[in-house]
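# Residue-level structure breakdown
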2 protein chains.
Amino acid sequence: MNFFEIIEKRYSHKGRFLSTPVPREKLVQIASAGLSAPTGMNLQCVKLVILPDRQAVQPLCDIAPTEGTLTAPAAIVVFTDKTTQNWKMDFQIEDYSAATENMLLAATALGYVALWLDSPYFPADKQKALCDLLNAPANYQLRTVIPIGLPDGECLKREKMPFDERVWFGEFS
Amino acid sequence: MNFFEIIEKRYSHKGRFLSTPVPREKLVQIASAGLSAPTGMNLQCVKLVILPDRQAVQPLCDIAPTEGTLTAPAAIVVFTDKTTQNWKMDFQIEDYSAATENMLLAATALGYVALWLDSPYFPADKQKALCDLLNAPANYQLRTVIPIGLPDGECLKREKMPFDERVWFGEFS
C-alpha cells in the first residue's frame, strides 16, 4: 500500500479482534511512529504504555467495556505529561492527537486495525484506577486507549461528507 | 518512500520556501488526506481553505510574519465549526490535529515540506481580520495555518527524546 492508500484504508475498528498476537517489534514500530509526530515547542509531552498481550489489555475493559477492549490482543495507552509547558502555553491535546493519528496509520500500514478510544468517554473513577494500575506518575494524564490487532470480521467505515462541503479555494463562499 | 520513511522524514519546516508553485491537484490530494482523518462522533467539524498561490498566501504574513508565510507558494488554513457537538462533548482540537497531521504527512509523501503554525501564536485581532478576509462563517474558528512548498535550503529536524524515555511496556517503571 502506498501512503494515500493507507490514509484511505484507516478506519475506526469498532468490532471484535482476532486473538492473533501482535509481535512486540510491530508494537514498537507503531509506538515509534507516534513519537515521530510533531509536538508543540518540541516539548514531547506524549508518553505511551504498550500493553503487549491479552492479559495486559484486560484491565481496559473496566474503563471501556467495548468489543475492542474485550478482545484486542494488544493496545497502546496514551498519556500526556501535564507539567510540560512553556510561556504558559501547552499543546497537549494537539500533541497526543497527532501522535495517536500516526499510530493508527502505522497500525494500518502493518496490516492491523485499531481504534481511538478517547478518555472523555471513560468514568473519572475508572480512569484513576487504570492510572494507578499502570503506575502512572501523578502528573501524567490518561488521554486515549488504542486497541490494536487483526479484525474479527468486517467493520464498516463511516461515511464522510463530500469534499466540496469541507474545502474551499481562496475563501469561503 | 514507504509509510515509515514518510513518518520519519516529516519535519517542521521553519525556513524559507522556493517560489515553485504547488499544483492544484496536489493541494487537493493533501486536503483530501486531511478530511480522511478520524473525527470524534464522525462530526467532521474540520473545514479547510486552500490558498493556492503566493497572492492568496500573502495575507497570512499579517498574523504570522514567518519565513514560511513570507515565501510559501501555497498554504492550507484549518478551521473547525464550533457548533458541531453531541451530548455536550466535542473533539475539535483532536479532530483538527489529526487532520493537520495527515496533511503534513501527505505533503511529505508528495515531496513537499510544510509547517504546523498554530493559532495560539496569532494575535486575536489579526485572527479576526484573517477570518473576515477569508469570509469565514461566525461559527468557524481559525485553528492552524499550514504553509506548503519546496524548501529553499536545508532545515534541521529537531531532536527527539529517546524511545525509552517516552514508552513503557505493561506499566510505568
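Provided above is the structure to which this section pertains.
The structure presented is a predicted model; accordingly, all values stated were derived computationally and were not measured. (Residues numbered from 1 in each chain as written. Chains lettered and ligands numbered in written order. Predicted model: local features only at pLDDT ≥ 70, side-chain atom pairs only at ≥ 80, totals over all residues. Heavy atoms only, no water.)

## Notes on the relation of the copies chain B and chain A
Condition: To superpose the copies, least squares is applied to the C-alpha atoms of every residue with a pLDDT of at least 70 in both. By the convention used here, residues are in contact when the closest approach between their heavy atoms is within 4.5 Å.
Of the transformation superimposing chain B on chain A, the axial component is 0.0 Å and the angular component is 180 degrees, with the fit at an RMSD of 0.0 Å. Look at the turn and shift together and you get a two-fold axis relating the two. The overlap is high: 100% of the interface residues of chain B also sit at the interface in chain A, so the same surface is used on both sides.

## Thoughts on unusual backbone geometry
Basically, it comes down to this: Working definition: helices are DSSP H or I runs of at least four residues, strands are E runs of at least two. Numbering for both runs from the N terminus. Only protein chains enter the accessibility calculation, which uses a 1.4 Å probe; a residue whose area is less than 20% of its type maximum is buried, one above 50% is exposed, and one in between is partly exposed.
Positive phi, close to 55 degrees, is recorded for A:N42, a residue that is not glycine. The topology assignment puts A:N42 in the loop between α2 (24-35) and β1 (46-51). A positive phi angle is found at B:N135, which is not glycine, with a value near 65 degrees. Assignment of secondary structure puts B:N135 in the loop between α7 (124-133) and β5 (140-149). Taking relative accessible area as the criterion, B:N135 reaches 43% and is therefore assigned partly exposed.

## Some thoughts on the packing of α2(A) against helix α6 (residues 92-109) of chain A
Residue and element names in this part refer to chain A. Here is the rule we go by: The angle between two axes is taken between their N-to-C directions and runs from 0 to 180 degrees, where each axis is a line fitted to C-alpha atoms and a helix contributes only its stretch in contact. Helix crossings are classified by the rotation of the near helix relative to the far one: an anticlockwise turn of less than a right angle makes the crossing left-handed, while a clockwise turn makes it right-handed. Classification used: nonpolar for Ala, Val, Leu, Ile, Met, Phe, Trp, Tyr, Cys and Pro, charged for Asp, Glu, Lys and Arg, polar for all others including Gly.
At their nearest, the axes of α2 and α6 sit 7 Å apart, and the two run at 145 degrees to each other. The handedness of the crossing between α2 and α6 is right-handed. Residues I30, A31, A33 and G34 of α2 pack against A99, N102, M103, A106 and A107 of α6. Tallied by class, residues from the contact of α2 with α6 come to seven nonpolar, two polar and no charged.

## Here's the deal with the pattern of salt bridges
Between side chains of opposite charge, a pair can form as their charged atoms come close. Residues and elements named next belong to chain A. Here is the rule we go by: Salt-bridge detection follows one rule: a side-chain nitrogen of Lys or Arg within 4 Å of a carboxyl oxygen of Asp or Glu.
Applying the stated rule across the entire model yields six salt bridges over all chains. Measuring nitrogen to oxygen at the nearest pair gives 3.4 Å for the salt bridge that ties K157 to E8. Placement of K157 in the loop between β5 (140-149) and β6 (167-169) and of E8 in helix α1 (residues 3-9) is noted, with a sequence separation of 149 residues between them. Judged by its relative accessible area of 38%, K157 is partly exposed. Relative accessible area serves as the criterion here: at 47%, E8 is assigned to the partly exposed category. We note a salt bridge from K128 to D132, for which the minimum N-O separation is 2.8 Å. Taken together, the residues span about one helical turn, with K128 and D132 both in helix α7 (residues 124-133) at a distance of four residues. Look at D132 and you get partly exposed, because its relative accessible area is 48%.

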